[in-house]
Protein chains: 2
Amino acid sequence: MFIDELVKAIKEKRSNVVVGLDPRIESIPEVVKGRYFNQYGKTLKAVAEAILEFNKEIIDNVCDVVAAVKPQIAFYEQYGLEGLDAYIKTCKYAKEKGLLIIGDIKRGDIGTTSKAYANAHLGNVDIEGVEHETFAVDSITVNPYLGGDTLEEFIEDINEFGKGMFVLVKTSNPGSGQLQDLVVEGKRIYEVVAEMVDNLSQKTLGTCGYSSVGAVVAATYPEQAKTLRKSMPKSYFLVPGYGAQGASADDIVDCFNEDGLGAVINSSRGIIFAYKKSEKGYTQEKYGEAARKEALDMRDAINKALESNGKCYW
Amino acid sequence: MFIDELVKAIKEKRSNVVVGLDPRIESIPEVVKGRYFNQYGKTLKAVAEAILEFNKEIIDNVCDVVAAVKPQIAFYEQYGLEGLDAYIKTCKYAKEKGLLIIGDIKRGDIGTTSKAYANAHLGNVDIEGVEHETFAVDSITVNPYLGGDTLEEFIEDINEFGKGMFVLVKTSNPGSGQLQDLVVEGKRIYEVVAEMVDNLSQKTLGTCGYSSVGAVVAATYPEQAKTLRKSMPKSYFLVPGYGAQGASADDIVDCFNEDGLGAVINSSRGIIFAYKKSEKGYTQEKYGEAARKEALDMRDAINKALESNGKCYW
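Now for a look at the structure at hand. Nothing here was measured: the structure is a model prediction, and the numbers come from that model.

### Some remarks on the environment of B:Phe166
Residue and element names in this part refer to chain B. By secondary structure assignment, the location of Phe 166 is in strand E7 (residues 164–170). As for Phe 166 and Leu 182, which are separated by 16 residues in sequence, their C-alpha atoms are 21 Å apart. With sequence-adjacent residues up to four places away left out, Phe 166 is seen in contact with Phe 2, Ile 102, Ser 139, Ile 140, Thr 141, Val 142, Gly 214, Ala 215, Val 216, Tyr 236, Phe 237 and Leu 238.

This is the structure we're talking about:
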């Protein structure tokens, strides 16, 4: 089951870090993309090849340091079928390297349409009795706006295939409060969603005591995270906003339970494009090493912050 | 601009009908899929070919009767790259037949990630100065949970490429009220979203007086539609829930303004899989004709209901 595998990986690697694989071609080092542009021109094919090579090098360098990777599908989807092929191959490679994969897809729709997304990204699609895997990863992110019944559609595949999902509760963007922070009968909208998540978490508990239904809770709003930690005690938090988006290790301590578990912290640009920080002596030739160094620093900073707060999971 | 083209198509064809192209392989006639299963086995390739042939026949039969088609991407995505290839080819074929295309993708994410979705589904993706089209259609559906700033990310491509979007306001599923109907300081959440939409509509007005930023407002909740019509006077409604989901022509009259414009009504299963209604004399061999007949009936029923209410756009 996803959540048991996640907690096992966290403990074995002593790391709560998730690396976001968000490949923007404009940020991929010239030493990588230059070759493919020479070979294929400025085409979708060249971009897809460059992304895959780049991701593999990042994965090789961080696979023993991070618990999971989180490819953001939008950055692949924009490059069409070629880009999505790179998404599939990236996930396959990460799997081979022993990593768990959280597909950041933020899907959500009504009834059988949500089920189609579940089939695509968690389970299998059935063709008259023959099962096929398409984009299946270990866990995904989903959007709750359409209501609890639409989230329920994912539960069957989560249980059947041992997968997981993180429901958007409180996102990291500046305007996230516009809807999510509104107050309904003394409760904020994100708390209403948290109740849906907590309800679903009871149906998807792992042997580790946590649930395969988690929540996206941004590090950029630490006060809200504190409240939410209490309302979803069994749910893992997938926490965006660390590093490039502004949150520090101290900001995310409240996302964890007293047992030091309950959260994974994502960083994307701050790790994968670390090579740009030339002041640290990083170079584009060694972008993989730069990513590894930043992932190690992030892991250690988080563990230190947890330790200072008496939240050791090791 | 999208909205001007849409209103033109509605007036020329005297039709507010949108056909949802939601191909479930289990519902595609044996006469179509049987051949591909024989040729390719029960593979993704066979499904993709069957879907494309099926969609083309539907498009051929309804292209002069409906204003737009709305492929639901989840039903293609579940069949992987092959399925998405069928999505792209379906959109291309519909375009050739003079139809507008609304990609029912329900995407939404933060900042640059939303922009990546906009590039993928509305505009172009830039590869160091070379522009490529990937999944670009005329208009898409988007999810507002992340806030107004994330919707803004689509506006640039809407204006630059003359495209459109429909923001989820009130969806058709039974549980849509769980979040959308909550009351905040006297206003329901869907009304708060409606205000965001109305605000964005001012930035995207066409010469027809309507905006390229519209709203998804379900036919299954006519009372809410009535209120929403007033709060988004410039926005077109994309109305799901007709037919198979239970709403009738009379239910959707309040989605229209007094000028008889302001809404397009979607039906998916009720039209494309009409051939199953053997009591009407339809056969699987003539599934295209069955779809045409149902689309015509729907067009006429809606126009009649509009006429009875003094809302003639012709």
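### Points about unusual backbone geometry
One non-glycine residue with positive phi stands out, namely A:Glu128, at about 45°. Within the fold, A:Glu128 resides in the loop between strand E4 (125–127) and strand E5 (130–132).

### Points about the nonpolar core
The biggest cluster of nonpolar side chains holds 242 residues, and the ones touching the most others in it are A:Met165 and B:Met165. Discounting chain neighbours no more than four positions away, the residues touching B:Met165 are B:Ser139, B:Ile140, B:Val142, B:Leu151, B:Phe154, B:Ile155, B:Ile158, B:Leu200, B:Ser212, B:Val213 and B:Gly214.

### Focus on the relation of the copies chain B and chain A
Its rotation angle being 180°, the transformation that places chain B on chain A also includes 0.0 Å of axial translation and leaves an RMSD of 0.0 Å. A rotation of that kind, with that shift, is consistent with a two-fold axis. Among all residues of chain B, the minimum C-alpha distance to the rotation axis is found for B:Val184, at 2.6 Å. In this assembly the copies share their binding face: 100% of the residues contributing to the interface of chain B also contribute to that of chain A.

### Brief notes about the layout of surface pockets
To locate leftover empty space, one rolls a probe as large as a water molecule over the atoms. Here the largest pocket is characterised by a volume of approximately 490 Å³. Elements with a contribution of two residues or more to the lining of the largest pocket: helix H6 (111–121) and helix H7 (148–152) of chain A together with strand E3 (100–107), strand E11 (235–239), strand E12 (263–267) and helix H12 (269–272) of chain B. In terms of residue count, H6(A) provides more of the lining of the largest pocket than any other element does, 3 residues in total. When its residues are assigned to classes, the lining of the largest pocket shows 11 nonpolar, 16 polar and 9 charged. What the second largest pocket holds in volume is close to 420 Å³. In terms of lining residues, the second largest pocket is bounded by 28 residues, among which A:Asp22, A:Ser172, A:Gln245, B:Ile110 and B:Thr113 are the most central. Within the residue set of the lining of the second largest pocket, elements represented by two or more residues are strand E3 (100–107), strand E12 (263–267) and helix H12 (269–272) of chain A together with helix H6 (111–121) of chain B. For the lining of the second largest pocket, the element with the most residues is H6(B), which contributes 3 residues. Of the residues that constitute the lining of the second largest pocket, the class distribution is 8 nonpolar, 13 polar and 7 charged.

### Describing the sheet that holds E12(B)
All names here are of chain B. Ordered by their spatial adjacency, 8 strands build a closed barrel running E1-E2-E3-E6-E7-E10-E11-E12, and the pairing between neighbours is parallel. This sheet shows a mean twist of 30° between the axes of neighbouring strands, independent of strand direction. As paired strands, strand E1 (residues 17–21) and E12 are joined by 3 bridges and run parallel to one another. Each residue of the ladder has a partner; that of Val 17, found in E12, is Ile 265. On top of the sheet, helix H5 (residues 80–96) reaches E1, strand E2 (68–71) and E3; it is set at about 150° to E3, its chief contact.

What counts and how
- Residue numbers run consecutively from 1 along every chain, following the written order of its sequence.
- The naming scheme follows written order: chains are lettered A onward, ligands numbered 1 onward.
- Owing to the predicted nature of the model, reporting of local features is limited to residues with pLDDT of at least 70; listing and counting of side-chain atom pairs is limited to 80 or more, with chain, interface and lining totals taken over all residues.
- To get the side-chain values, all heavy atoms of the structure are used, and hydrogens and water are removed first.
- Starting at the N terminus, helices and strands are each numbered in turn, a helix being any DSSP run of H or I of at least four residues and a strand any DSSP run of E of at least two.
- Contacts are assigned to residue pairs with any non-hydrogen atoms lying within 4.5 Å of each other.
- Side-chain atoms within 4.5 Å are what join buried Ala, Val, Leu, Ile, Met, Phe, Trp, Tyr and Cys residues into a set we call a nonpolar core.
- We call a residue buried when its accessible area falls under 20% of the maximum for its residue type, exposed when it is over 50%, and partly exposed in between, using a 1.4 Å probe and counting protein chains only.
- A least-squares superposition brings the copies together, and it is based on the C-alpha atoms of residues with pLDDT no lower than 70 in both.
- Of the two site types, the cavity is a set of points on a 1 Å grid over the protein atoms alone where a 1.4 Å probe fits but cannot get out, and the pocket is an open set with protein on both sides within 12 Å along at least five of seven lines, each lined by residues with an atom within 4 Å of a point.
- Grid points are joined across faces, edges and corners, and a volume is the space filled by probe spheres set on the points.
- Residue classes follow a fixed rule: Ala, Val, Leu, Ile, Met, Phe, Trp, Tyr, Cys and Pro count as nonpolar, while Asp, Glu, Lys and Arg count as charged, and any other residue, Gly among them, counts as polar.
- The pairing criterion is simple: DSSP has to find at least two bridges between the two strands.
- Each axis is a line fitted through C-alpha atoms, taken for helices only over the stretch in contact, and angles between the N-to-C directions span 0 to 180 degrees.

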